[in-house]
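Summary of the model geometry
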Amino acid sequence: MSAYKNSPDNHQARKRFGQNFLHDQNIINKIIRAINPKTSQNIVEIGPGQGALSYPLLDILGQLNAVEIDRDLIQLLNQQSARYGKLIIHEGDALKFDFHQLAHANHKLRLVGNLPYNISTPLIFHLLSFLGDIEDMHFMLQKEVVQRMSAEPNTKTFGRLSVMLQWYCDVDYLFDIPANAFTPAPKVVSSLVRLRPKAEPLTVLNNPLQFSRLVNRVFQQRRKTVRNTLKNYLTEDNIQALGIAPTARPETLSLIDFAALSNAIKDDIH
Ligand code: SAM
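Looking now at the pattern of salt bridges. Scanning all chains against the criterion turns up 10 salt bridges. Of the charged contacts, one joins D170 and K198 as a salt bridge, the two residues approaching to 3.4 Å between their closest N and O atoms. Note that D170 is positioned in strand β7 (residues 169-177) and K198 in the loop between β9 (190-197) and α7 (208-220), a separation of 28 residues in sequence. When salt bridges with common partners are traced through the structure, they connect R14, D70 and D72 into a single cluster.

Taken as a whole and judged by the stated rule, the model has six aromatic pairs. Geometrically, the ring pair formed by W167 and F211 is tilted, given 5.0 Å between the ring centres and 45° between the ring planes. Of this pair, W167 sits in helix α6 (residues 160-168) while F211 sits in helix α7, and the two are 44 residues apart along the sequence. Here the two residues W167 and F211 agree in accessibility, since each one is buried. Here K30 stacks its cationic end above the ring of F175, 4.2 Å away from the centre of that ring. For the cation-ring pair, R160 lies above F125, with the distance from its terminal atom to the ring centre recorded as 4.3 Å.

We now examine the site of the ligand. Around the ligand, 22 residues are found, and the nearest of them are G47, E68, D93, A94 and N114. In this structure, an oxygen atom belonging to the ligand sits 2.9 Å away from a side-chain N or O atom of Q19. A distance of 2.6 Å is found between an oxygen atom of the ligand and a side-chain nitrogen or oxygen belonging to E68. Here the ligand has 590 Å² of accessible area as a free molecule, and 97% of this is covered by the chains. Placement of the ligand is best described as lying within the largest pocket. Among the secondary structure elements, those contributing two or more residues to the shell around the ligand are β1 (21-22) and β3 (63-68). Tallied by class, the residues present in the shell around the ligand amount to 11 nonpolar, seven polar and four charged.

Looking now at the sheet that holds strand β2 (residues 42-46). Reading across the sheet, the seven strands line up as β4-β3-β2-β5-β6-β9-β7 and stay open at both edges, with mixed pairing between neighbours. Strands with a single pairing partner mark the edges of an open sheet, and in this sheet they are β4 (86-91) and β7. Neighbour-to-neighbour, the strand axes of this sheet turn through a mean angle of 20°, independent of strand direction. As paired elements, strand β6 (residues 134-142) and β9 share six bridges and run antiparallel to each other. Looking at the pairing, L141 lines up with S191 of β9.

What counts and what doesn't
- Residues numbered from 1 in each chain as written.
- Predicted model: local features only at pLDDT ≥ 70, side-chain atom pairs only at ≥ 80, totals over all residues.
- Heavy atoms only, no water.
- Salt bridge = Lys/Arg side-chain N within 4 Å of Asp/Glu carboxyl O.
- Helix = DSSP H or I, 4+ residues; strand = E, 2+ residues; numbered from the N terminus.
- Phe/Tyr/Trp six-rings, centres within 6.5 Å; stacked < 30°, edge-to-face > 60°.
- Buried < 20%, exposed > 50% of the residue type's maximum accessible area, 1.4 Å probe, protein only.
- Lys NZ or Arg CZ within 6 Å of the ring centre and 35° of its normal.
- Near = heavy atom within 4 Å.
- Polar contact = N/O pair within 3.5 Å; in protein donor to acceptor, adjacent residues only side chain to side chain.
- Areas by Shrake-Rupley, 256 points an atom, 1.4 Å probe, with all protein chains shown as cover.
- 1 Å grid on protein atoms, 1.4 Å probe; cavity = no way out; pocket = protein on both sides within 12 Å on 5 of 7 lines; lining within 4 Å.
- Sits in = over half its atoms within 2 Å of the grid points.
- Nonpolar A, V, L, I, M, F, W, Y, C, P; charged D, E, K, R; others polar.
- Pairing = 2+ DSSP bridges.
- Axes fitted to C-alpha atoms, helices over the stretch in contact; angles between N-to-C directions.

Keep in mind these numbers describe shape, not what the thing actually does.
Written out as structure tokens, the structure is:
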């Protein structure tokens with residue numbers, strides 16, 4: 001892959017927008033290979049920055065949609081992108097962006113991004129509301145966040161993010177990216193994760209909102225037993241009847257256990 005001009009001399013990286021720009025061409029190539037873009041695919045980049053991923057993607061795709069909040073960068077991208085293809089930049093906050101508007105019937109979205117660390121978890125939750133429009137997502141995030149996303153029960157990192165994400169998506173932890181691949185170098189290691197919305201849920205969920213409240217509630221009180229945390233909603237016998245030990249702590253429960261608890265609770269959890 002050839003070198004791309006993605007280092008304008010005069011842009012000062014903005015901390016408030018979580019700007020850490022990728023500069024290591026080997027890592028960039030590795031990420032592009034993992035995304036495996038194909039012409040005519042509907043790829044949308046969140047936070048194109050100085051174009052480190054956008055230009056190689058554009059070169060392959062010919063056209064790319066991107067959502068960027070920083071106006072100065074948009075100006076630079078507009079000046080420099082034309083030689084690689086058609087970059088359509090949507091100026092705004094990805095946390096509020098309606099991704100549905102970019103999906104087409106036969107072209108679901110493939111989302112990619114080296115996400116700003118400060119908004120990565122809320123952004124992932126925002127994206128869960130567009131799952132029907134999404135084919136897959138490849139994101140660079142703090143390693144610790146990717147570990148939580150892909151964590152198995154009975155581990156320290158298994159929590160709300162693991163359950164919510166794994167309920168809706170297959171999560172693949174792909175590889176780590178060292179801090180020195182970025183300018184400025186962040187304080188932490190990053191990782192690339194691939195998320196693919198599940199075609200079928202593991203089991204029927206009567207009330208997805210209730211599920212999300214339940215998961216939230218039990219992990220807020222991670223050290224308490226399920227019986228204690230849910231005492232206003234389920235009796236010990238109710239919990240036992242689901243095949244779950246009332247004395248279990250939340251990190252020992254499987255995704256199916258969370259669904260069973262959620263389906264068994266009649267009153268709204270607040
Ligand atoms: N993709 C580039 C790269 O890999 O070098 C830049 C990555 S940098 C970590 C994050 C990018 O997201 C920056 O361009 C930043 O301006 C942009 N950004 C930050 N907050 C955003 C938001 N709420 N909505 C959209 N873009 C945002």
